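Chain by chain, the residues:
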Amino acid sequence: MHSTIHSNSITIITNNSNNTYNNNNSTNINIITNTMNNIVNNTTNNLPPSIVPAVDINNTACTTTSSKTTITHLNTSSNSSVLMSTGEVAAAAAEGDARTHISENMNSKSTTAVLDEQVALLQRAADEREAIFNRYSLGLDPKNVVDPWENPTFEIYHITDKYGFMHDSRLPETRNSQELQRTKIELERDKKWVKMLSNWNPNNEKVRRRVFKGIPDRMRWPAWKKLLNVDELIAANRDTYASTLSLARKYSTEVRQIDSDVNRQFRDNLAYRQRYSVKQCSLFNVLNAYSIYNPELGYCQGMACLAGVLLLYMQEEEAFWALNQLIIDRKYAMHGLFIEGFPKLTRFLEHHDRILSKMMRKLHQHFLKHNVDAILYSIKWFFVIFVERIPFSLALRVWDIYLLEGERVVTAMAVTILYLHKHDLLRLNDMDSIIEYLQVKLHKNFGYNDDYVIEALERMLKKLKELKLDAAPPPKPNEFPLRPLGQFVEADIEKKIGRRRSEYTDTEKQVITDVILRSEQNAVEVQSTMSYETSECATGTSVASHGSSETFSLEDNNIHLKTANALQNTPQRDMLLLSTT
């Protein structure tokens, strides 16, 4: 029977029939006792041969009658019956009773030992959780002991940009005329945004136009809150965050992993540079609280980066509800990215490949030739909306548009990045150099200014919509929460202790199977297509024999894309594309 407790909008569901809780240890012991029943019954399987009653493997039946103290053994090799005398039966019974008594004693001792070990492990996990929370509660208090390596030293002055990120070399002593002009324009735009936010209407075309121009950095706090309805959520869920955080301190099983991730998130930013700084403590609290608020999802590492970006512009509780919107609102639906099995990631990767095969066949074939699967370079594109894969200033511009337009922006930006850099990518002739280019080089130097990229992104959005490729195929039900949020179900013993599973779950096995299948499909596609070096797409000759072709322009900046709309070059390709839908 389940017991349910409602506390400050948080529903607590426990698995114990006893509703009296003296402390965590007594609760855990009750759970252990309930889960040990099978262990007691099966302990004899592990006893030594001298203790376990001997069994004749040739005997197939053993019967005892109430009227006669006789045990009949059937020997399968001779089919003859051998009857034991009454005295022999009595002796055997006495020996069996003695062995049973010894076995029961050993069962009892074994069960007690297991219980003691479980209690000790639970106490250790509780002590570790409390110690970690205490360190974050102390924050920057001098009493808080911090290892020297946890606080890297940087020359802060002269190397910190406007977003708080530090660089390896000194920034220019003076700002050039272009930067001064941009600052002047941004100040003017601040005034327009203040007026627009006071009469907010997200469906107004003026809002869309100004978002694509870029939200001024000083206006991102109120603008992002408007786009994510943060203030309304806080008003409708008063005290929920505080209650959830309190539960996290008692029951969170993700503390250790979250602590590790907080310690490496944005350490080159002033806000997160110092161990147990205000923002580090806020990030730790938000992630632990959300792991309790959405127990079906719990915690996934990519969530630290999302919450980290939000906290650069929001307060702690605001960031919590903003993160919740990104995860559960169908406009963004990031729940499917972080839930076990990553179903949304699989769906978006397949859609990404479909777009490349239609709009950039040459680059797509180049990637297939060098075994560059999209999953190798696009994880952070989809999971954290390009943060740490493109310059931060550009990532913020993409975030602005993403919060307004939703998930279709991610698909379009992924294709835009590959298009703008396709010539450089085609010159790279091995998988490692291609991955390094997309993951490392573009983060340091994207090669185009932010305005140019956003203009290309806007045109790509229009073109994908024309081709009916702007949206991925419909999501499956498992991409959304299946249980109401705010229902806290106490974790089982294994998760509390932190013991790793010895086997993959069915969902994890399916993910591995999907990855292998994608690799095999890519290999078949490469083999089924004519040699890349002599193919028509490589030499630039007509592809009319494979279906109608179309060349279109993205209006200006000399951006041209070539696409083959009819994907009818080989039956195998059609079959593979159908199998991925």
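As the structure is a computational prediction, the values presented were derived from the model and not from experiment.

### Observations concerning the overall build of the chain
The secondary structure content of the chain amounts to 27 helices and 8 strands. Counting across all 581 residues of the chain, residues that qualify as buried make up 44%. For the chain, contacts bridging at least 24 residues in sequence account for 72% of all contacts bridging at least 6. For the chain, the exposed area adds up to about 31000 Å²; of that, 52% sits on carbon and sulfur atoms.

### Regarding the packing of aromatic side chains
By convention here, two paired aromatic rings are described through the distance between centres and the angle between planes. Per the stated rule, a full pass over the model turns up 23 aromatic pairs. Plain terms: the ring middles of Phe266 and Phe392 are 6.4 Å apart, the flat faces sit at 75° to each other, and that makes the pair edge-to-face. Here the residue Phe266 occupies a position in the loop between α9 (255-262) and α10 (270-273), and Phe392 occupies one in helix α19 (residues 392-405), the gap between them amounting to 126 residues. A residue is classified by how much of its surface remains accessible, and Phe392, at 13% relative accessible area, is buried. Joined through ring pairs, the aromatic side chains of Tyr241, Tyr290, Tyr293, Phe320 and Trp321 make up one cluster. In this structure, Arg275 is placed above the aromatic ring of Tyr276, and the distance from its NZ or CZ to the ring centre is 4.3 Å. Over the face of the ring belonging to Phe480 we find Arg330, whose NZ or CZ atom lies 3.7 Å from the ring centre.

### Overview of the pattern of salt bridges
The full count for this structure, using the stated rule, is 21 salt bridges. Of the charged contacts, one joins Asp400 and Arg220 as a salt bridge, the two residues approaching to 2.9 Å between their closest N and O atoms. Separated by 180 residues along the polypeptide, Asp400 in helix α19 and Arg220 in helix α6 (residues 220-227) bring together distant segments of the chain. The exposure class of Arg220 is buried, given its relative accessible area of 2%. The residue Glu388 makes a salt bridge to Lys380 at a minimum N-O spacing of 2.4 Å. In this structure Glu388 comes out as partly exposed when scored by relative accessible area, which is 24%.

### Some details on the nonpolar core
In terms of nonpolar packing, the biggest core is built from 123 residues, with Trp224, Leu310, Phe367, Tyr377, Phe386, Leu418 and Leu438 touching the most fellow members. Contacts of Phe367, omitting those with residues within four sequence positions, involve Leu356, Val372, Tyr377, Leu418, Leu425, Ile434 and Leu438.

### Things to note about unusual backbone geometry
Positive phi outside glycine occurs at Tyr276, with the angle close to 65°. On the secondary structure map, Tyr276 appears in the loop between α10 and α11 (278-293). Classification of Tyr276 as buried rests on a relative accessible area of 3%. The phi torsion at Asn371 lies on the positive side, around 60°, for a residue other than glycine. Taking the relative accessible area as the measure of exposure, Asn371 reaches 60% and is therefore exposed.

### Section: α6
Among the residues of α6, those classed as buried are Arg220, Ala223, Trp224, Lys225 and Leu227. Where α6 is buried, its residues contact α4 (177-198), α7 (230-236), α12 (302-311), α13 (316-328) and α19.

### Examining the packing of α6 against α19
Contact geometry of α6 with α19 gives a least axis separation of 9 Å together with a crossing angle of 30°. Put simply, α6 runs roughly parallel to α19. Considering only the axes of α6 and α19, their crossing is left-handed. Across from Arg220, Trp224 and Leu227 in α6, the residues of α19 making contact are Leu396, Arg397, Trp399, Asp400, Leu403 and Leu404. Classifying every residue of the contact of α6 with α19 gives 6 nonpolar, no polar and 3 charged.

### Here we look at the confidence of the model for the chain
Residues at a pLDDT of 70 or more form 65% of the chain, whose mean pLDDT is 76. Ignoring residues within four places in sequence, the model shows residues 1-84, a span with pLDDT below 50, making 123 contacts including any to other chains. Below a pLDDT of 50 lies the segment residues 555-581, which in the model reaches 69 contacts outside its immediate sequence neighbourhood of four places, other chains included.

### Points about the packing of α11 against α12
Orientation of α11 relative to α12, taken along the N-to-C sense of each, is 130°, at an axis distance of 10 Å. On the basis of the axis angle, α11 is oblique to α12. Crossing geometry of α11 relative to α12 is assigned as right-handed. Here Lys279, Ser282, Leu283, Val286, Leu287 and Tyr290 of α11 come into contact with α12, specifically with Met303, Ala304, Ala307, Gly308 and Leu311. A class-by-class count of the residues in the contact of α11 with α12 yields 8 nonpolar, 2 polar and 1 charged.

### Thoughts on α4
Its 22 residues place the ends of α4 33 Å apart at the C-alpha level, agreeing with the 32 Å of an ideal helix rising 1.5 Å per residue. Buried residues of α4: Glu186, Arg189, Asp190, Trp193, Met196 and Leu197, and no others. Taken down its axis, α4 places every buried residue within 140° of arc, on the same side. Set apart from the buried face of α4 by more than 90 degrees, the exposed residues are Ser177, Lys184, Lys191, Lys195 and Ser198. For α4, the elements touching its buried residues are α5 (205-213) and α6.

### What about the environment of Lys358?
Relative to the elements of secondary structure, Lys358 occurs in helix α15 (residues 343-359). Residues Lys358 and Leu469 lie 111 residues apart in sequence; the distance between their C-alpha atoms is 9.9 Å.

### Some points on a positive patch on the surface
On the surface, Lys192, Lys195, Lys206, Arg209 and Lys213 cluster together to form a positively charged patch. Broken down by secondary-structure element, the contributors of at least two residues to the positive patch are α4 and α5. With 3 residues, the top contributor of residues to the positive patch is α5. Taking relative accessible area as the criterion, Lys213 reaches 53% and is therefore assigned exposed.

What counts and what doesn't
- Residues numbered from 1 in each chain as written.
- Predicted model: local features only at pLDDT ≥ 70, side-chain atom pairs only at ≥ 80, totals over all residues.
- Heavy atoms only, no water.
- Helix = DSSP H or I, 4+ residues; strand = E, 2+ residues; numbered from the N terminus.
- Buried < 20%, exposed > 50% of the residue type's maximum accessible area, 1.4 Å probe, protein only.
- Contact = heavy atoms within 4.5 Å.
- Areas by Shrake-Rupley, 256 points an atom, 1.4 Å probe, with all protein chains shown as cover.
- Phe/Tyr/Trp six-rings, centres within 6.5 Å; stacked < 30°, edge-to-face > 60°.
- Lys NZ or Arg CZ within 6 Å of the ring centre and 35° of its normal.
- Salt bridge = Lys/Arg side-chain N within 4 Å of Asp/Glu carboxyl O.
- Core = buried A, V, L, I, M, F, W, Y, C linked by side-chain atoms within 4.5 Å.
- Axes fitted to C-alpha atoms, helices over the stretch in contact; angles between N-to-C directions.
- Parallel < 35°, antiparallel > 145°, perpendicular 65-115°, else oblique.
- Left-handed = near helix turned anticlockwise from the far one by under 90°.
- Nonpolar A, V, L, I, M, F, W, Y, C, P; charged D, E, K, R; others polar.
- pLDDT = per-residue confidence, 0-100.
- Expected span 1.5 Å × (residues − 1).
- Arc of directions from axis to C-beta.
- Patch = residues over 30% accessible without salt bridge, like charges linked within 9 Å, V, L, I, M, F, W, Y side chains within 5 Å.
- Lys, Arg positive; Asp, Glu negative; His and termini not counted.
- Charge placed at Lys NZ, Arg CZ, Asp CG, Glu CD.

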